[in-house]
Amino acid sequence: MYLTRLIYASTISNDISPSAVADILDSANKHNKLNDVTGVLFFDDKYFLQCLEGSRYQTNETYSRLLLDSRHSDLVLLEFKDISVRSFPDWTMGFIPESVLSKSIYLKFSPQKSFDPYNLSSESAYKMLLELKEVLPE
Ligand SMILES: Cc1cc2nc3c(=O)[nH]c(=O)nc-3n(C[C@H](O)[C@H](O)[C@H](O)COP(=O)(O)O)c2cc1C
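If you're wondering where the values come from, they're calculated on a predicted model, not measured in any experiment.

1. So, unusual backbone geometry
Notably, Asp36 is not glycine yet its phi reads approximately 55°, a positive angle. Checked against the element boundaries, Asp36 lands in the loop between helix H1 (21-35) and strand S2 (38-43). At Asp45, a position not held by glycine, the phi torsion is positive, near 85°. With respect to the element layout, Asp45 can be found in the loop between S2 and strand S3 (47-55).

What follows is the structure in structure tokens.
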């Protein structure tokens, strides 16, 4: 079985309130537990940046469902690669709120002044999520 990491960016749909993120996380946690998928979801009131880790089949299958979800749009795949170990093994879907992203962290990974996940390289997106995980309060 190949272990795979998938990272994508998307934009929350206009008619969805940011409070709907709680429902999204419920659904994500439920499915990911069953599918042995782990990962992290960052949300900044407009954009999502999500990392999924699991078997090649399950990450593909999850992403196929995500593409059909009308709560977000403009999904852009930033990374899809084989990995030997998971970087987020303890989270069926860890949530990182906007408040955790300080300007200094963001500017380390992006040349732009405001957060725009579509303009992150795959490596920057991955490293930024790793760093956000480290600064996330317990
Ligand atoms: C930003 C975002 C992130 C999501 N993350 C996941 C996820 O990690 N795993 C998952 O199975 N579904 C995730 N979902 C939900 C799926 O798109 C889909 O709605 C769900 O799997 C359908 O199952 P349900 O009808 O049981 O809720 C996410 C949806 C959105 C909008």
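2. Details of helix H4 (residues 122-135)
Between its terminal C-alpha atoms H4 stretches 20 Å, which fits the 20 Å expected from 14 residues at 1.5 Å a residue. Of all the positions in H4, only Ser124, Ala125, Tyr126, Met128, Leu129 and Leu132 are classed as buried. Turning to H4, the residues buried within the fold contact strand S1 (3-12), S2, S3, strand S4 (72-83), strand S5 (94-97) and helix H3 (103-109).

3. Some words on the layout of surface pockets
For the largest pocket, the calculated volume is near 290 Å³. If you trace the largest pocket, you find 16 residues lining it, with Ile24, Ser27, Leu66, Asp69 and Arg71 closest to the centre. Elements that contribute at least two residues to the lining of the largest pocket include exactly H1, S3 and helix H2 (56-67). Residues that form the lining of the largest pocket fall into these classes: seven nonpolar, six polar and three charged.

4. Quick look at the side chain of Glu79
The topology assignment puts Glu79 in strand S4. Take Glu79: its relative accessible area is 9%, and that puts it in the buried class. Separated by 2.7 Å, the side chains of Glu79 and Arg5 make a polar contact. Each residue touching Glu79, except ones within four places of it in the same chain, is listed here: Arg5, Leu6, Ile7 and Ser122.

5. A look at the UniProt feature "domain: BLUF" (unreviewed entry) in the protein chain
As recorded in UniProt, the sites labelled "domain: BLUF" (unreviewed entry) are residues 3-94. Across residues 3-94, the secondary structure splits into 29% helix and 41% strand, with the terminal C-alpha atoms separated by 19 Å.

6. Section: the site of the ligand
Taken together, the neighbourhood of the ligand is formed by 17 residues, with Ser27, His31, Asn32, Arg65 and Asp69 sitting nearest. The side chain of Asn32 places a nitrogen or oxygen atom 2.8 Å from a nitrogen atom of the ligand. Arg71 has a polar side-chain atom sitting 3.0 Å from an oxygen atom of the ligand. Contact with the protein chains hides 82% of the accessible area of the ligand, taken as 620 Å² for the molecule alone. Using a 2 Å cut-off from the grid points, one finds that the ligand occupies the largest pocket. Residue assignment for the shell around the ligand shows that the elements contributing at least two residues are H1, S3 and H2. With six residues, the top contributor of residues to the shell around the ligand is H1.

Each value, and the rule that gives it
Residues numbered from 1 in each chain as written. Predicted model: local features only at pLDDT ≥ 70, side-chain atom pairs only at ≥ 80, totals over all residues. Heavy atoms only, no water. Helix = DSSP H or I, 4+ residues; strand = E, 2+ residues; numbered from the N terminus. Expected span 1.5 Å × (residues − 1). Buried < 20%, exposed > 50% of the residue type's maximum accessible area, 1.4 Å probe, protein only. Contact = heavy atoms within 4.5 Å. 1 Å grid on protein atoms, 1.4 Å probe; cavity = no way out; pocket = protein on both sides within 12 Å on 5 of 7 lines; lining within 4 Å. Points joined across faces, edges and corners; volume = space filled by probe spheres on them. Nonpolar A, V, L, I, M, F, W, Y, C, P; charged D, E, K, R; others polar. Polar contact = N/O pair within 3.5 Å; in protein donor to acceptor, adjacent residues only side chain to side chain. UniProt positions renumbered as here; feature names shortened; annotations may be inferred. Near = heavy atom within 4 Å. Areas by Shrake-Rupley, 256 points an atom, 1.4 Å probe, with all protein chains shown as cover. Sits in = over half its atoms within 2 Å of the grid points.

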